[in-house]
Amino acid sequence: MAENMARESSFSRNFSNVSTLETPGIKHGPNGTFYVSSGISDLDRIIGGGFPLGSLVMVMEDAEAPHHMLLLRNFMSQGLVHHQPLLYASPSKDPRGFLGTLPSPSTSAKDKPINEDQEQNSLRIAWQYKKYFGEDHQIIDGNRVNKQEFCSELDIRKPLERHLFSGQYVDCVSIKDTPSLSAFQDHCATFLAQFSRSDSKLSRCGRIAIQSLCAPQCEYINKDWDLLSFIQSLKSKLRSANAVAVITFPPSLLSPSICKRWQHMADLLLSVKAIPDEDKELTKLLTGYQDMIGFLNIHKIARINTQAPVILEATTYSIKLHKRRFLALECLNQAPVDGSSGSSYSKTSSCSTSSRNGTLDF
């Protein structure tokens, strides 16, 4: 009877892909969902773990600043670090030249210096617990190297090593002189066919990065329904593949009705906004305004394999450069009313404690 109850229960764990937990760059989530990193650790934490496999991520560009390229570069670089095949499409004539601007993972030991006492303490603790947790190393081609993290600290000042994007993992396509999207649609379908979910093991996954899909230099700019058909076809192919696609587009070039349809097609919808050079109102309103380079708005969260709503801490975050090299997202904090940089609480309180009898005076 216990066996029949176990079979009839809907709360059963799927053990078919347990080996995927050891696959670099892929993380297991709730409801049988697997995630890949966006390349920004703060964004992964905000949206619940990363980009779900099989999802379509769309980023609305800002016409005044190319902040969407920061998100796209980190997404592409993080996949190449984990040796995940990449399909990159751009309206430029030479899209492969863009790969030279991708950020490279930084060395944590150099970026996070600690004193000698902390270092000795960490080494002593690591030596004591090494037999329980194992070493944080693995053997690749006879060499002992560090294990790759799910989300690396990508340094935008340090270019990615050429051997990571000069091999067979990257496929670059120029969509500038493409009169029809049917050829590019077939190209995407062929790429996604490598990562079919029919395989029992999730050994690898793919990434698709499409920059400025409705750019004015493309010949299909005025073919709204062809663009919608392409996005719908790409989304259907992603549902049956272990891959993630990120599309950036300028909403100002689309009509309001078509733009709404694009937003509806996205599983995860983001938008970036540049900060004006001299905005005195924002300077008084927000703390740390001088360190901000833009805003990130989260309009829609991917809900794959579940209908439970996702409750976010906030929907608007500030984009900052930590040490002028690493992208970081922070919640917006309101500045004190008096404009000072200290605490917003008043020094005098209307509720005080009497020193004689210990009671509260209101």
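Our subject is the structure that appears above.
In every chain, residue numbers begin from 1 and rise along the written sequence. For this predicted model, a pLDDT threshold of at least 70 governs which residues receive local features, and a threshold of 80 or more governs which side-chain atom pairs are given and counted, while totals over whole chains, interfaces and linings are taken from all residues. Hydrogens are left out, water is left out, and the side-chain values use all remaining heavy atoms of the structure.

Asker: Help me out: how do you make sense of helix α7 (residues 182-192) in this one?
Answerer: Two residues of an α-helix separated by three or four positions point the same way, owing to the 3.6 residues in each turn. Burial classification: accessible surface area is computed with a 1.4 Å probe over protein chains only, and a residue below 20% of its type maximum counts as buried, one above 50% as exposed, and the rest as partly exposed. Only runs of H or I of at least four residues qualify as helices and only runs of E of at least two qualify as strands under DSSP, and these elements are numbered from the N terminus. Among all positions of α7, only Phe184, Cys188, Phe191 and Leu192 are buried. Projected down its long axis, α7 shows its buried positions confined to an angular sector of 95°, all on one face. Turned more than 90 degrees off the buried face of α7, the exposed positions are Ala183 and Thr190. Elements in contact with the buried residues of α7: β5 (86-90), β10 (170-174), β11 (206-210), α8 (224-239) and β12 (243-249). Starting at the helix axis, one direction is taken to each C-beta atom, and the arc is that of these directions. Here, two residues are considered to be in contact whenever any of their heavy atoms come within 4.5 Å of each other.

Asker: Please clarify how empty space enclosed by the protein should be interpreted in this entry.
Answerer: To find the voids left in a structure, one rolls a probe of water-molecule size over its atoms. Cavity means a closed set of points on a 1 Å grid over the protein atoms alone, one where a 1.4 Å probe fits but cannot get out, pocket means an open set with protein on both sides within 12 Å along at least 5 of 7 lines, and lining means a residue has an atom within 4 Å of a point. Grid points are joined across faces, edges and corners, and a volume is the space filled by probe spheres set on the points. Counting across every chain of the model gives 2 cavities of 30 Å³ or more. For the largest cavity, the calculated volume is near 60 Å³. For the lining of the largest cavity, the secondary structure elements donating two or more residues are β4 (56-60) and α3 (68-81). All residues other than Ala, Val, Leu, Ile, Met, Phe, Trp, Tyr, Cys, Pro, Asp, Glu, Lys and Arg, Gly among them, are scored as polar; the first ten of these are nonpolar and the last four charged. Broken down by class, the residue content of the lining of the largest cavity amounts to 9 nonpolar, 1 polar and no charged. Taken as a whole, the second largest cavity spans an internal volume of roughly 30 Å³. Gln185, Cys188, Ala189, Leu192, Phe230, Ser233, Leu234 and Lys237 are the residues that line the second largest cavity. Mapped onto the lining of the second largest cavity, the elements with two or more residues apiece are α7 and α8. Looking at the lining of the second largest cavity, its residues break down into 5 nonpolar, 2 polar and 1 charged.

Asker: Sorry if this is basic, but what is going on with the pattern of salt bridges here?
Answerer: Where charged atoms of side chains with opposite charge meet at close range, the side chains can pair. By definition here, a salt bridge exists when the distance from a side-chain nitrogen of Lys or Arg to a carboxyl oxygen of Asp or Glu is within 4 Å. This structure, assessed with the given rule, holds 5 salt bridges. Here Asp267 and Lys235 are joined by a salt bridge, their closest N and O atoms 3.6 Å apart. Remark: Lys235 occurs in helix α8 and Asp267 occurs in the loop between α9 (256-265) and β13 (268-274); sequence separation between them is 32 residues. With respect to class, Asp267 is no different from Lys235; both count as buried.

Asker: What is the right way to look at the packing of α8 against α9 in this model?
Answerer: Geometrically, a packed helix pair is captured by the angle between its two axes and the distance between the axes. Between α8 and α9, whose axes approach to 10 Å, the crossing angle comes to 5°. When the axes of α8 and α9 are compared, the pair comes out roughly parallel. Across from Asp224, Trp225, Leu227, Leu228, Ile231, Gln232 and Lys235 in α8, the residues of α9 making contact are Ile258, Arg261, Trp262, His264 and Met265. Here the contact of α8 with α9 is composed, by residue class, of 7 nonpolar, 2 polar and 3 charged. Axis definition: a line fitted to C-alpha atoms, over the contacting stretch in the case of helices. Angles run 0 to 180 degrees between N-to-C directions. When describing relative orientation, an angle under 35 degrees is termed roughly parallel and one over 145 degrees roughly antiparallel, while 65 to 115 degrees is termed roughly perpendicular and anything else oblique.

Asker: I would appreciate a short explanation of the nonpolar core in the present structure.
Answerer: Proteins that are soluble and globular tend to have nonpolar side chains buried together. To form a nonpolar core, buried Ala, Val, Leu, Ile, Met, Phe, Trp, Tyr and Cys residues must be joined to one another through side-chain atoms within 4.5 Å. In terms of nonpolar packing, the biggest core is built from 45 residues, with Leu43, Phe51, Met76, Leu268, Leu296 and Leu329 touching the most fellow members. With 8 residues, the single largest contributor to this core is α3. Excluding residues that lie within four positions of it along the chain, Leu296 makes contacts with Leu43, Leu71, Leu270, Ser271, Val272, Thr315, Thr316, Tyr317, Ile319 and Leu329. Core analysis: the next-biggest nonpolar cluster, separate from the first, contains 39 residues, Leu192, Tyr220, Ile221 and Phe230 among them.

Asker: Looking at this model, I keep getting lost on the sheet that holds β5. Mind explaining?
Answerer: Consider a sheet: its strands pair through backbone hydrogen bonds, and that pairing is either parallel or antiparallel. Here the rule is simple: two strands pair whenever DSSP picks up at least two bridges between them. Taken in spatial order, the 9 strands of this open sheet run β10-β5-β11-β12-β4-β13-β14-β15-β16, and their pairing is mixed. Edge strands, defined here as strands with exactly one partner in the open sheet, are β10 and β16 (326-331). Neighbour-to-neighbour, the strand axes of the sheet open up by a mean angle of 20°, direction not taken into account. As judged from the 4 bridges shared by β4 and β13, these two strands associate in the parallel manner. Within the sheet, the bridge partner assigned to Met58 lies in β13 and is Leu269.

Asker: When you look at the packing of α7 against α8 in this model, what are you seeing that I'm missing?
Answerer: Running from N to C, α7 and α8 point in directions that differ by 5°, and their axes come no closer than 10 Å. Judged by the angle between their axes, α7 and α8 are roughly parallel. Across the interface between the two elements, Phe184, Gln185, Cys188, Ala189 and Leu192 of α7 pack against Phe230, Ser233, Leu234, Lys237 and Leu238 of α8. The residue makeup of the contact of α7 with α8, split by class, is 7 nonpolar, 2 polar and 1 charged.

Asker: Whenever I open this one, the sheet that holds strand β3 (residues 51-52) confuses me. Can you help?
Answerer: Spatially, 3 strands are ordered β1-β2-β3 in an open sheet, and the strand pairing comes out antiparallel. Here the strands that pair on one side only, and so sit at the sheet edges, are β1 (27-28) and β3. Pairing of β1 with strand β2 (residues 34-36), which is carried by 2 bridges, proceeds in the antiparallel orientation. By the bridge assignment for β2, His28 is matched with Phe34.

Asker: Sorry, what's going on with unusual backbone geometry here?
Answerer: Here the phi dihedral of Ser212 falls at roughly 50°; this positive angle occurs in a residue that is not glycine. Tracing the backbone through its elements, the reader meets Ser212 in the loop between β11 and α8. For Ser212, a relative accessible area of 10% puts it in the buried group.

Asker: Looking at this model, I keep getting lost on the environment of Tyr88. Mind explaining?
Answerer: In this structure, Tyr88 sits in strand β5. The exposure class of Tyr88 is buried, given its relative accessible area of 0%. Considered as a pair, Tyr88 and Gln211 are 123 residues apart in the sequence and their alpha carbons are 7.9 Å apart. Not counting residues within four places of it along the chain, the set of residues in contact with Tyr88 comprises Leu72, Met76, Pro95, Phe98, Asp171, Cys172, Val173, Ala209 and Gln211. Under the rule applied, a polar contact is a pair of N or O atoms within 3.5 Å (in protein, one hydrogen donor and one hydrogen acceptor; residues adjacent in sequence only if both atoms are side-chain atoms). Within the local environment of Tyr88, its side chain forms a polar contact with the side chain of Gln211, the two groups lying 2.5 Å apart.

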